[in-house]
Number of protein chains: 2
Amino acid sequence: MSETVRVVVDAMGGDNAPGEIVKGAVEAVQAENDIKVFLVGRQDAVNAELEKYTYDKEKIEVVHAEEVIEMAEPPVNAIRKKKQSSLVVGMNMIKHQEADAIVTAGSTGATLVGGQVLVGRIKGIERPPLAPLVPTEKGVSLLIDCGANVDARPSHLVQFAQIGSIYMENIVGIKNPRVAILNIGAEEEKGNQLVKETFPLLKECPGINFIGSIEAREIPHGGADVIVCEAFAGNIVLKLYEGVAATLLSKVKEGLMSSLRSKIGALLIKPALKQTLKSFDASQYGGAPLLGLNGLVIKTHGSAKAIDVKNSILQCVTFKQQDINGKIKEHIIVEK
Amino acid sequence: MSETVRVVVDAMGGDNAPGEIVKGAVEAVQAENDIKVFLVGRQDAVNAELEKYTYDKEKIEVVHAEEVIEMAEPPVNAIRKKKQSSLVVGMNMIKHQEADAIVTAGSTGATLVGGQVLVGRIKGIERPPLAPLVPTEKGVSLLIDCGANVDARPSHLVQFAQIGSIYMENIVGIKNPRVAILNIGAEEEKGNQLVKETFPLLKECPGINFIGSIEAREIPHGGADVIVCEAFAGNIVLKLYEGVAATLLSKVKEGLMSSLRSKIGALLIKPALKQTLKSFDASQYGGAPLLGLNGLVIKTHGSAKAIDVKNSILQCVTFKQQDINGKIKEHIIVEK
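None of these values were measured; they are calculated from a predicted model.

Scoring rules and cut-offs
- Residues numbered from 1 in each chain as written.
- Chains lettered and ligands numbered in written order.
- Predicted model: local features only at pLDDT ≥ 70, side-chain atom pairs only at ≥ 80, totals over all residues.
- Heavy atoms only, no water.
- Pairing = 2+ DSSP bridges.
- Helix = DSSP H or I, 4+ residues; strand = E, 2+ residues; numbered from the N terminus.
- Axes fitted to C-alpha atoms, helices over the stretch in contact; angles between N-to-C directions.
- Contact = heavy atoms within 4.5 Å.
- Buried < 20%, exposed > 50% of the residue type's maximum accessible area, 1.4 Å probe, protein only.
- Lys, Arg positive; Asp, Glu negative; His and termini not counted.
- Salt bridge = Lys/Arg side-chain N within 4 Å of Asp/Glu carboxyl O.
- Least-squares fit on C-alpha atoms with pLDDT ≥ 70 in both.
- Phe/Tyr/Trp six-rings, centres within 6.5 Å; stacked < 30°, edge-to-face > 60°.
- Expected span 1.5 Å × (residues − 1).
- Buried area = accessible area lost by both parts, 1.4 Å probe.
- Polar contact = N/O pair within 3.5 Å; in protein donor to acceptor, adjacent residues only side chain to side chain.
- Patch = residues over 30% accessible without salt bridge, like charges linked within 9 Å, V, L, I, M, F, W, Y side chains within 5 Å.
- Areas by Shrake-Rupley, 256 points an atom, 1.4 Å probe, with all protein chains shown as cover.
- Charge placed at Lys NZ, Arg CZ, Asp CG, Glu CD.

Asker: When you look at the sheet that holds strand S5 (residues 133-135) of chain B in this model, what are you seeing that I'm missing?
Answerer: Note: strands within a sheet are paired through backbone hydrogen bonds, in either parallel or antiparallel orientation. Residues and elements named next belong to chain B. Strands sit in the order S5-S6-S9-S7-S8 across an open sheet of five strands; the sheet is mixed. Edge positions in the sheet fall to S5 and strand S8 (209-215), since each of these pairs with one other strand and no more. Here the strands of the sheet are splayed against their neighbours by 35° on average, with no regard to which way each runs. Pairing geometry for strand S6 (residues 140-144) and strand S9 (residues 226-228), over three bridges, is parallel. The partner of Leu142 across the bridge, within S9, is Val226. Docked against the sheet, helix H6 (residues 154-172) engages S5, S6, strand S7 (178-183) and S9, running at close to 150° with respect to S6.

Here it is in structure tokens:
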């Protein structure tokens, strides 16, 4: 039997808290043996949800936290002042090694700040990146960094490349993952100052499979497994992905509903279409990990449902079992 | 009768040159009266194409240019060394005021370099931006800058906002266009250094309707009419738009073809779907203008067909008739 992985779940974070969050936690402990979940939040509300389910009581423990960090609160203030919030209480459990990982659907800003301030960085990691998976024609690619560190420096991007490679190889199971730097042309001389300075460092970086630049157009085609970028650019990619997909699918839907003929056609294509669009979705892999910390912080989206919470919890188990942090400590180049 | 607008067309640029380019020129002179087109390229090849059509001979003149700039050539070298190329000969005609505008489907890099070096900037314009329109749920939005100036400064972005407003109001016909800065959050304190420095300047900038930050997610929803950004970010937006749309539509197609049932459905929905997807397309507005020059340079995509060339030529006519450059000279804030 493997070691039990202890996962904190922020029961109060996100639009569907605590109902969907608690449900996801129950589903996770039903699916996985070597796990203990700590549901952190308002005891009464969490218990009221838990009572709806049958599960192994030893695998879920409720930890009371009186306060809730709201989505719109300034992150630094929230982390500093709301010491009794579910997020702060939960992150402090990682800090004090009472748990291995935390999953939250709450404020991204507060999660990033709390991750750095409370959970803390692995020694030598300069900037912990937020690294979601995006769907591609071929599967998924890791976009690293997507929002944690704007105006990053070349040495940060080199660490992102290394951390991302370890993650994709061990969590997603891509052998020798192709690493590319997000750029505005395929040639080495293209790009802004940051890319031009980073490119030669990546070429020389040992232990990664660097394939050069990737243009944004090639990301959905699966042109690289690990896409290294500064957070401003990465965040734009992540959000535009959502925006274009949503708009285009609503246009398709509008077309399907525009005549009687097309409505009949829509009924016929629905199951097949649902199936292929399901393959263009990264949510089965869980949430976006904030990497390079003493523990793991998973940010799942604000509108997360039970299935997303469950997948994020299981992602924490794989992360711990694969000893990703041990591998990061072993392999990362630290600037002297 | 209005003044005749003189448009140079690079007959040798793009994947479909000279056939589609010449065809587009013929269609443009058939559609518009106050126009004279100069087809610049290899005389024999261009004339051979022209012979296929019936058109007013006074409206099209062939200008011989022996050389062709290839897509992969280093732009600066190409412009400097290939003095007899269609692009250089054509741009020199703008420089010498023998024409008002140029349309090319050739190398973007060479077009940007040639625009700055040969056509030249309007006095006071620091960096001429490349400004394509992208389709949205509601119509189109102008993305300015999309590839001309990486690592731009705040004062450049302020000029982009002003130039973009003039363009959208007078060419696309959007009254008092909403200007937003591309950012990674809606709040004023969000963003990288460039955005934080530019934001207050845009707030104070007279003559524009600044509505604050726009997240990439909101671009396809039509959240702003003019989206101000530095070229690295803008280029990512432009190319990811294409990439996500292409991948998603190929997924939809895959779904439609996956069973007999879905294939029958596909036949029924095809006309309606084609219609709505057509509305998510900006090509009817022509190509991407490089703005702020002494004349107009339009870059249409490398795989441009006759219809794209025609629309780009007509765009030049509107640009001249609306006296966009006169308005730019009048309104742009020039840093002392």
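Asker: Help me understand the side chain of Glu230 of chain B in this model?
Answerer: Residues and elements named next belong to chain B. Among the structural elements, Glu230 can be located in the loop between S9 and helix H8 (231-256). Of the side chains bearing the opposite charge, Arg127 lies closest to the buried Glu230, which forms no salt bridge; the N-O distance is 7.6 Å. Each residue touching Glu230, except ones within four places of it in the same chain, is listed here: Asp145, Asn149, Val150, Asp151, Ala152, Leu157 and Leu194.

Asker: What am I meant to see in the pattern of salt bridges here?
Answerer: Side-chain pairs of opposite charge can arise where the charged atoms are in close proximity. Applying the stated criterion across every chain yields a total of 23 salt bridges over all chains. Residue Asp100 of chain A is joined to Arg6 of chain A by a salt bridge in which the shortest nitrogen-to-oxygen separation is 3.1 Å. Placement of the pair is Asp100 of chain A in the loop between helix H4 (86-95) and strand S4 (101-104) and Arg6 of chain A in strand S1 (residues 5-10), with a sequence separation of 94 residues. The exposure class of Arg6 of chain A is partly exposed, given its relative accessible area of 28%. One salt bridge connects Glu49 of chain B with Lys52 of chain B, and the closest N-O pair in it is separated by 2.9 Å. For Lys52 of chain B, a relative accessible area of 56% gives the class exposed. Linked through salt bridges whose partners overlap, the residues forming this network are Arg6, Asp100 and Lys320 of chain A.

Asker: Is there a simple way to explain the pairing of strand S11 (residues 296-299) of chain A in this structure?
Answerer: One face of the sheet, then the other: side chains in a regular strand alternate in exactly this way. Residues and elements named next belong to chain A. Burial along S11 is two-sided: Leu296 and Ile298 facing one way and Val297 and Lys299 facing the other are all buried. With three bridges joining them, strand S10 (residues 288-290) and S11 adopt antiparallel strand pairing. What sits directly across from Leu290, in S11, is Val297. Remark: five residues form the turn of the hairpin made by S10 and S11, two consecutive strands paired antiparallel; Gly292 in that turn has positive phi of roughly 85°.

Asker: Would you explain the relation of the copies chain A and chain B in this entry?
Answerer: Its rotation angle being 180°, the transformation that places chain A on chain B also includes 0.0 Å of axial translation and leaves an RMSD of 0.0 Å. Such a combination of rotation and displacement between the chain copies is what one expects of a two-fold axis. When C-alpha distances to the rotation axis are compared across chain A, the minimum falls at Gly265 of chain A, with a value of 1.9 Å.

Asker: Is there a simple way to think about the packing of aromatic side chains in this case?
Answerer: Residue and element names in this part refer to chain A. All told, the structure shown has six aromatic pairs over all chains when counted by the stated rule. A centroid spacing of 6.4 Å and a plane angle of 15° characterise the contact between Tyr241 and Phe280, whose relative ring orientation is stacked. Here the residue Tyr241 occupies a position in helix H8 (residues 231-256), and Phe280 occupies one in the loop between helix H9 (260-278) and S10, the gap between them amounting to 39 residues. For the pair formed by Tyr241 and Phe280, the shared burial category is buried.

Asker: Teacher, can you tell me more about helix H10 (residues 306-321) of chain A here?
Answerer: Think of an α-helix as turning once every 3.6 residues; residues three or four places apart then point the same way. Residues and elements named next belong to chain A. Relative to the 22 Å expected for 16 residues at 1.5 Å per residue, H10 spans 23 Å between its end C-alpha atoms, a close match to the ideal helical length. Taken together, the buried positions of H10 are Ala306, Asp308, Val309, Asn311, Ser312, Ile313, Gln315, Cys316, Val317 and Phe319. Once H10 ends, the next one or two residues include Asp323, with phi positive near 50°.

Asker: I tried to follow the interface of chain A and chain B on my own but got confused; where do I start?
Answerer: Contact with chain A, which involves 54 residues of that partner, is made by 54 residues of chain B. Summed over both partners, the interface of chain A with chain B comes to about 4,900 Å²; 74% of that surface belongs to carbon and sulfur atoms. One can count four salt bridges joining chain A with chain B. A salt bridge links Arg217 of chain B to Glu242 of chain A; its shortest N-O distance comes to 2.9 Å. Linking chain A to chain B there are 20 residue pairs in polar contact (both at pLDDT 80 or more). Elements with a contribution of two residues or more to the side of chain A that touches chain B: strand S7 (178-183), helix H7 (193-204), H8 and H9 of chain A. The leading source of residues in the side of chain A that touches chain B is H8 of chain A, at 22 residues.

Asker: Just to check I follow, could you spell out a positive patch on the surface for this structure?
Answerer: On the surface, a cluster of positive charge is made up of Arg80, Lys81, Lys83 and Lys95 of chain A. Topologically, Lys81 of chain A is positioned in helix H3 (residues 75-81).

Asker: Sorry if this is basic, but what is going on with the sheet that holds strand S9 (residues 226-228) of chain A here?
Answerer: Residue and element names in this part refer to chain A. Spatially, five strands are ordered S5-S6-S9-S7-S8 in an open sheet, and the strand pairing comes out mixed. A strand with exactly one partner marks an edge of an open sheet, and here the two such strands are strand S5 (133-135) and strand S8 (209-215). Between one strand axis and the next, the sheet turns by 35° as a mean value, whatever way the strands run. The sheet strands contacting helix H6 (residues 154-172) are S5, strand S6 (140-144), S7 and S9, and the helix crosses S6 at an angle near 150°. H7 contacts S7 and S8 of the sheet and is inclined by roughly 170° relative to S7.

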